Structure formats: C-alpha cells, structure tokens
Amino acid sequence: MTSLGPAAETDNQDPLATPDTLFNQLKGWTWVGCYGGYYLQADLLQKAGFEHGFFTRRWQDRGPDQLAGYLSAGISVHRPQQVHGGKVLQASQANRPPWPEADGLVSDRGGQSLWVCTADCTPILIADQSTGHAAACHVGWRGVAAKILQEALAKLESRGAKIETLLVALGPAVSGSNYQIQVDVAEAVAKSLEADPNNPPIQLEKRLSALKERGILDADKEPQRLRLDIRLAAAEQLKRAGLSSEQISSCPLCTVAEPSLFYSWRRDHIKAVQWSGIVAQAED
C-alpha cells in the first residue's frame, strides 16, 4: 500500500490539502482537481482519451447522475444494482430505475457513462482503443470466482474489441495485508485461476501454494485464515485472458488504510460507497 503521506494516517487530517508534489506521487495515477473536489484517474486510460474517474468518500452526497457531469457533458448514465456476482449487461439495459441486478456493464453505443460503486471490492474500468467501447465491473472475491472479467472481455470482443488493444484500470480497494479470508474463499479464487478447468483437479495445498508464490495469497496468524490480494487475483485473470502487464494499471491505495479518502466495509461496517465511472468513446 502506498500512502499519500503522513497526513493520510488519521481521519481528521486532509491528505489532499498537502502540496501537489506530495500527494500526486502515485506512479501511473493522477489526482484531478475540479470545482467539486478531487478524483483519481489512471494515466493509462487518460492518455488513450477515455474520460473516467475513481471518486472518493468526499463526494458522498453525489451519485452517478451528478458525478457524470464532472467527466463529460451530455452523456447518459448507466449503473447496475450490484449483487456480488458475475453478470455483465449491456449499458442500455441499465439506464433507469429499477436498476437491473448485475455487477458489470459494457457499452453498446458512444456517450454512455458506466458506473459501479465499491467499499473494499475493486472497481475495474476497461477501455478498448480500437472501438472506443468500455466496461465497468465491481469485483470482489465472488466476482473473481464467477469470472466476471472474462464475461466483460467476451462482451467487448463481441463488439469488435481486440485483447491487444484493451486497457484496464483497477481502482482503490482493500489491500492484501488488510483482507483476511477463510480457506474456502481462497479455494474458490484459486479454482477460477486454473489454466484449464477440464484438467484433473489440483490438490488444494498445491493450488494455494501456487497463489502464495505469485503474491495473491499470504499467510495469516489465525488458523484456517489467509490474506488475499484481490487486485492481484483480478490482474492474474486478465493476464490469463491474454492481456499484458503493460495493459493493466493497478492503484496502490487501500480503502481500509485511507479512512479520510475511502469508505471501507471491513473497517467501519457501515453501508456507504464511493463511485467509479468511465465514458464510452465509440461511434454510435
């Protein structure tokens, strides 16, 4: 976890009040200032021309309808009713209340803003440079186990996207050191990362050891518990789908460790979220 500096250590201090030379040192990520406050952008997506933002708890009174205007003018707003699963919908299916149950959206025309909310899970924004289409996914361990990212990639490919032209940003989420899980959760994640599900099953200990070697899992002091780096697990799935490390940017900020910036269910046990969104650039 990369901290914003000493000011981020307590909730009554303001890390965004420090000079730019201090808080804008997240490699590959930039705090964007606007009239309403600050939000994070992944340089990887911004340089490719995709308007997007990972918003913080400072925007708590504003939802996607208000936040969309900070990204671009004249765009439509699309969001799912998240259920911690692997379902991905076309954005046009999620354009008004009641919001349909899903955890991912893929654009089906230009000018759509796609939104997901999180409070420890990973907000993942995907952009395709060749078609201008985009996707937004809410990814926790259940989403990884359900292979939601593979579903999103497949839907993007059906609209002409190519794996080699995709760019992916993984936003602020709980870090591995702060994410204690049970062994059965680790096993579900491990199964989703197996190269070929048709191969003979691998013994649980070997499966978990392989993930520990890659840093996705770590030991925990409590019995039958482990630590999971959910962003590394998601990035591993993306790489298994054919993406390179250069196509993936992962924010180092931990929602648990930065209380002045992010809501965290594991830290506070309060139902509150921050929003993340991306605007599709596809031609209608």
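Preceding this paragraph is the structure being described.
Each value, and the rule that gives it
- Residues numbered from 1 in each chain as written.
- Predicted model: local features only at pLDDT ≥ 70, side-chain atom pairs only at ≥ 80, totals over all residues.
- Heavy atoms only, no water.
- Buried < 20%, exposed > 50% of the residue type's maximum accessible area, 1.4 Å probe, protein only.
- Helix = DSSP H or I, 4+ residues; strand = E, 2+ residues; numbered from the N terminus.
- Pairing = 2+ DSSP bridges.
- Axes fitted to C-alpha atoms, helices over the stretch in contact; angles between N-to-C directions.
- Parallel < 35°, antiparallel > 145°, perpendicular 65-115°, else oblique.
- Left-handed = near helix turned anticlockwise from the far one by under 90°.
- Contact = heavy atoms within 4.5 Å.
- Nonpolar A, V, L, I, M, F, W, Y, C, P; charged D, E, K, R; others polar.
- Arc of directions from axis to C-beta.
- Polar contact = N/O pair within 3.5 Å; in protein donor to acceptor, adjacent residues only side chain to side chain.

Peer 1: Hey, could you run me through the pairing of strand β7 (residues 112-118) in this one?
Peer 2: Looking along a regular strand, one sees side chains alternate from face to face of the sheet. Counting buried positions along β7 gives seven out of seven residues, so the element sits mostly inside the fold. Residue alternation in β7 divides its side chains into two sets, Gln112, Leu114, Val116 and Thr118 and Ser113, Trp115 and Cys117, and both sets are buried. As paired elements, β7 and strand β15 (residues 274-279) share six bridges and run antiparallel to each other. Residue pairing for β15: Thr118 is matched across the bridge by Gln274.

Peer 1: How should the packing of helix α5 (residues 148-158) against helix α8 (residues 230-240) be read in this particular structure?
Peer 2: When two helices pack together, their arrangement is given by the angle between the helix axes and by the axis-to-axis distance. Two elements in contact, α5 and α8, have axes separated by 9 Å at closest approach and are oriented at 40°. Classed by the angle they form, the pair α5 and α8 counts as oblique. The interaxial crossing formed by α5 with α8 has right-handed handedness. Counting all contacts with α5, which are made through Leu149, Gln150 and Leu153, the residues of α8 involved are Ala234, Gln237 and Leu238. By residue class, the composition of the contact of α5 with α8 is four nonpolar, two polar and no charged.

Peer 1: Even after reading the chapter, I still don't get the sheet that holds strand β14 (residues 248-250), so can you show me in this structure?
Peer 2: Sheets are built from strands that pair by backbone hydrogen bonding, the pairs being arranged parallel or antiparallel. Spatial strand order, β5-β6-β9-β8-β10-β14: six strands in an open sheet with mixed pairing. In this open sheet, the two edge strands, each paired with only one partner strand, are β5 (88-90) and β14. The sheet shows a mean angle of 15° between the axes of neighbouring strands, direction not considered. As judged from the three bridges shared by strand β6 (residues 104-106) and strand β9 (residues 134-139), these two strands associate in the antiparallel manner. Bridge assignment links Gly104 to a residue of β9, and that residue is Cys137. Contacting β5, β6, β8 (122-128), β9 and β10 (166-170), α5 runs over the sheet at an angle of about 170° to β9. Together, β8, β9, β10 and β14 form the strand contacts of α8, whose direction differs from that of β10 by roughly 170°.

Peer 1: Looking at this structure, how should I read the pairing of β8?
Peer 2: Of all seven residues making up β8, seven are buried, and the element is well covered by its neighbours. Going residue by residue along β8, you find Thr122, Ile124, Ile126 and Asp128 tucked away on one face and Pro123, Leu125 and Ala127 tucked away on the opposite face as well. Across six bridges, the pairing between β8 and β9 is antiparallel. Within β9, the position partnered with Ile126 by the bridge is Ala135. Hairpin remark: β8 followed by β9, antiparallel, with five residues in the connecting loop; positive phi at Gly132, about 85°. Pairing of β8 with β10 involves five bridges; the strand directions are antiparallel. Across the sheet, Ala127 pairs through a bridge with Leu167, a residue of β10.

Peer 1: Mind showing me how you'd approach helix α7 (residues 204-213) here?
Peer 2: For an α-helix, the turn length of 3.6 residues means that residues three or four places apart are oriented alike. Listed as buried for α7 are Arg207, Leu208 and Leu211. The buried residues of α7 occupy an angular sector of 90° when projected down its axis, which confines them to one face. Opposite its buried face, α7 presents the exposed residues Glu205, Lys206 and Glu213, each directed more than 90 degrees away. Next to the buried residues of α7 lie α6 (183-192), β12 (217-219) and β13 (225-228). Where α7 terminates, the next one or two residues include Gly215, which has phi positive at roughly 85°.

Peer 1: I'm lost on the side chain of Ser113 in this one. Help?
Peer 2: By secondary structure assignment, the location of Ser113 is in strand β7. At a separation of 2.7 Å, a polar atom in the side chain of Ser113 contacts the main-chain carbonyl oxygen of Ser76. Within the structure, the side chain of Ser113 is placed 2.9 Å from the side chain of Trp115, a separation counted as a polar contact. Apart from the residues within four sequence positions on either side, Ser113 is in contact with Ala68, Ile75, Ser76, Val77, His78, Ile278 and Val279.

Peer 1: What should I look at first to understand the sheet that holds β13 in this one?
Peer 2: What the three strands build is an open sheet, ordered β11-β13-β12; its pairing is antiparallel. Looking at which strands have only one partner, the edges of the open sheet turn out to be β11 (180-182) and β12. With direction set aside, neighbouring strand axes in the sheet form an average angle of 45°. Here β12 runs beside β13; their pairing, made up of three bridges, is antiparallel. Residue Leu217 lies in a different strand from β13, and its bridge partner there is Leu228.

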